[in-house]
Amino acid sequence: MIRRDSLDQLPVRTALPALRAALDGPGSAVLCAPPGTGKTTSVPLDLAGLTGEGPVRRVLVAEPRRMAARAAARRMAWLLGEEVGTGAAPAQGWGPVGFTVRGERRAGPRTTVEVVTTGVLLQRLQRDPELAGVDVVVLDECHERHLDADTSAAFLLDVRETLRPELRLVAASATTDAEGWARLLGGAQGAAPVVEATGVSHPVEVVWAPPERPVRPAHGTRVDPALLTHVAGVVRRALRERTGDVLCFLPGVGEIGRVAGELAGVDAEVLQVHGRAPAEVQDAVLAGGNGVRRVVLATSVAESSLTVPGVRVVVDSGLARVPRTDHARGLSALTTVRASRAAARQRAGRAGREAPGAVYRCWAEGEDGRLPAFPDPEIRVADLTAFALQAACWGDPAADGLALLDAPPAGALAAAREVLTAIGAVDGAGRATERGVRMARLGLHPRLARALLDGAPEVGVRRAAEVVALLSEEPPRAYGDDLAAAWRTARRGGDAYGARWRQEARRLASAAGEPRGGSAAAGEPRGGSAAAGEPRGGSGAGADGGRGAGAQLTDDAVAGLLAALAFPERVARARRKGSYLMASGTGAELAGAQAGGGHRPGSSGPGDGSGLRDAEWLAVAVADRPVAAASARVRLAAVIDEETACAAAPALYASGEEVRWSEGDVVARRVTRLGAIELAARPLTAPDPGLLRDAVVSGLRREGLGLLRWPAAAVSLRQRMAFVHRELGAPWPDVSDAALLDCVEEWLGVELGRARRRADLERVDAGQALARLLPWATGDAARFDELAPERIEVPSGSRVRVDYGGAQPVLAVKLQELFGWQESPRVAGGRVPVLVHLLSPAGRPAAVTADLASFWRDGYRSVRAELRGRYPKHPWPEDPSAAEPTRHTSARLKRG
């Protein structure tokens, strides 16, 4: 029997007439309804006609998470007086409300409202773009901007435009960019209607509860333990100060476990809710307490879609965990960030779902305004390989025809296409291959799909499926960092992870054995397992064994092969104990082994270091790079050998001549490499001249022109050329370091052709080579000595060198040699006066002038008075302008 009282109390029902009118008109709408109004549960029932209003329609509801999908379906079934059901399907088929998530389906022919995850929806759209039999699709919690949800919306809009204009579409959210979604859904016809529901707003008091002492900012997946201790203390404070259950938001499973441990002994039941929690635990949390006060520790899965009964207090750590991709290093991982203000509002709203409540925020009020307004859409920051494959299978490899709120970043999309091309999922034009279509239907990341399809024929479908299932959801830290040991632990384990792993392994074994014409959607269980299809046209392997020698591979070898097939650029060879170089060029360091079942036999024991530490080769399955760290940190890997590494990464294997400048000289070798890993090398006796030349030029550009020989004449020539260029410009060349290195082939071409090593460069006279840059072709070079003379003849007859190394040319000469010279010399065609440094008879500076006539008239007397007593043997005439210039003493001058 329908629970009318409960339905009628839901505030969203006041918006249903407007929503129905919008769907009967334009066919699409944006529904904005605050948390707790019933948008997730009441609206689908009404649109399906299950509440007695309107025609009967089949409604598909897409939720971002499995937990939300199950909970929404069970709540809707309860409102109808039905049950979703457990175990085998009843004889009469499933009821009017059902759900489908990866590996679990509770729906049948009688199902009118089906709740699915966005990943399942994508698979259905790829297999059946028309969504035959579906009348309405509701995209719930679209504000979260998960990549699968954005992609599903784009595909659905394409379907409405080209195949099924009658398909109705609703984008529903508690807080969202209503205008943006309205424009997107309306398309060329104008913005879709925005329907707003007014909720029952229970007041939520905000309590600011920052730590007393500064804590280290989160980086990677690491959160300062001091902050977690503080969060646990705030939970205890909330239990003392408030009534009702407490919902505490933390970024991840590890932090939930840490805080749960610190809450030992509190007078309340402590529950842990996250995506990995067993379904029965999730159901128990959502069912409400039995009179015992509860503390629910949850990740962001509890932010929306779910009402946790009894919660009156929220404790918010202020952190969230989101996917990030380092495209330069090929590393994808979850990272911890500050939660946005929108997320903080969503979390606080959980305290006011049923009655007035309070939220304790574990940060200072002054920090709140500096938080990001909204979380980053996944399409901007996540690995786009799976998205690119979905787009290619949809027929739009460039994704430029898809209606998306945010376009995918060009660099990330290009990186994704490179991966897809390398694994044979798309062709040269980016179109999906038959192999790529099969990969997309497995419900896995394309890398893992490649490992399953290529690994199954070698090791057997069952073993391949088990390892890939382990890679698809990272095992608990307690399993250790050795993939093979973690596999054995999962087989033995009776924990929640082991149960999920076995279920996923069965699904993948069935999917990998699917004939090419199969049609079951990934994530929707089916019976039986056929022989595995050979992706490259060969015969398949049986479900329990591989071909030939592959069936005899040990678990360690199987784990290594599958990990290497999934992440070929992460095969790594040891540089030193515990330190590795991956084929991608990124360094990787092993962390200490975690306590628990992840130990290899013969390792030093839990906590004393990783059991992988002595391995020569690894296939790194999971790694992240801590902030400011030069190397990645290995989280999960398997031991392999060189043969496996090369077999898994054939595109990275190369052998050829390598002539380069390294460590101060030319190195010429024939090198065999696997990406950045050097496998073998031997010296080259006759390297390619072109490669030699390139290496020498590279050395010059890296270490500078000091590699050449610069005698005094060469330095002087360069200074003179620099002076003429500075004063007169073209056609006189720029001879700065940067300019000379840019045109090194022009002036050093002959010498570069002969140079084979550093010593050859050190024998090159730079001055002789530099003279080639003078403008000989125009004839201007003939005037070079006139414009910038190397020496100037002074009245005594001496030819004195001019120094062009400073801002102004300098002529340093003994004062007596300039007697009778009235005007200072000028260079650069008379444009620039030479600065004369007048020296004493001992060669020490006596005066500086650019105007000799003025010096003889005004400055000479004081110099004469100071120096004639010190140098009495030299002439010091009263009238130097009329005296005879000399470089000798007075006595020598008299002798003639």
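Scoring rules and cut-offs
- Residues numbered from 1 in each chain as written.
- Predicted model: local features only at pLDDT ≥ 70, side-chain atom pairs only at ≥ 80, totals over all residues.
- Heavy atoms only, no water.
- Helix = DSSP H or I, 4+ residues; strand = E, 2+ residues; numbered from the N terminus.
- Buried < 20%, exposed > 50% of the residue type's maximum accessible area, 1.4 Å probe, protein only.
- Contact = heavy atoms within 4.5 Å.
- Axes fitted to C-alpha atoms, helices over the stretch in contact; angles between N-to-C directions.
- Parallel < 35°, antiparallel > 145°, perpendicular 65-115°, else oblique.
- Left-handed = near helix turned anticlockwise from the far one by under 90°.
- Expected span 1.5 Å × (residues − 1).
- Arc of directions from axis to C-beta.
- Pairing = 2+ DSSP bridges.
- Core = buried A, V, L, I, M, F, W, Y, C linked by side-chain atoms within 4.5 Å.

Colleague: Help me understand the side chain of Arg669, please; the structure alone is not making it clear to me.
Modeller: Take Arg669: it is sitting in strand β23 (residues 665–674). For Arg669, a relative accessible area of 16% translates into the label buried. If we skip the residues at most four places from it in the chain, Arg669 touches Gly656, Glu657, Glu658, Arg660, Glu678, Ala681, Arg682, Pro683 and Leu684.

Colleague: What is the right way to read the packing of helix α18 (residues 461–472) against helix α21 (residues 555–566) from this model?
Modeller: Two measures define how a pair of helices packs: the angle their axes make with one another and the distance between the axes. Taken N-terminus to C-terminus, the directions of α18 and α21 make an angle of 60 degrees; their axes are 10 Å apart at the nearest point. One finds that α18 runs oblique with respect to α21. Note that α18 runs across α21; the crossing there is right-handed. Between α18 and α21, the contacting residues are Arg463, Ala464, Val467, Val468 and Leu471 on the first element and Asp555, Val558, Ala559, Leu562, Ala563 and Ala566 on the second.

Colleague: What exactly am I supposed to notice about helix α15 (residues 410–422) here?
Modeller: Note that an α-helix has 3.6 residues per turn; residues three or four places apart therefore point the same way. A rise of 1.5 Å per residue sets the reference length of α15, with its 13 residues, at 18 Å; its end C-alpha atoms lie 18 Å apart and thus fit the reference within 8%. Of all the residues in α15, the buried ones are Ala412, Leu413, Ala416, Val419 and Leu420. Along the axis of α15, the buried residues cluster in a sector spanning 120 degrees; they form a single face. Facing away from the buried surface of α15 by more than 90 degrees, the exposed residues are Ala410, Glu418 and Ala422. The inward-facing, buried residues of α15 contact α14 (385–394) and α17 (446–459). Gly424 lies just past α15 and shows a positive phi near 75 degrees.

Colleague: Please clarify how the sheet that holds strand β21 (residues 632–640) should be interpreted in this entry.
Modeller: In any sheet, the strands associate via hydrogen bonds between backbone groups, in a parallel or an antiparallel arrangement. Spatially, the five strands close up into a barrel ordered β17-β18-β19-β21-β20, and their pairing is mixed. Strand-to-strand twist in this sheet, taken as the mean axis angle between neighbours without regard to direction, amounts to 55 degrees. Across the face of the sheet, α21 comes into contact with β17 (571–576), β20 (617–624) and β21 while running at roughly 125 degrees to β21.

Colleague: For this particular structure, what's the right way to read the nonpolar core?
Modeller: Note on soluble globular proteins: their nonpolar side chains tend to be buried together. Counting residues in each nonpolar core, the largest one holds 105 residues, and the members touching the most others are Leu121 and Val137. With sequence-adjacent residues up to four places away left out, Val137 is seen in contact with Leu60, Leu121, Leu131, Leu156, Leu167, Arg168, Leu169 and Val170. Residues Val696, Leu707, Phe723 and Ile792 belong to the second largest nonpolar core, which totals 64 residues.

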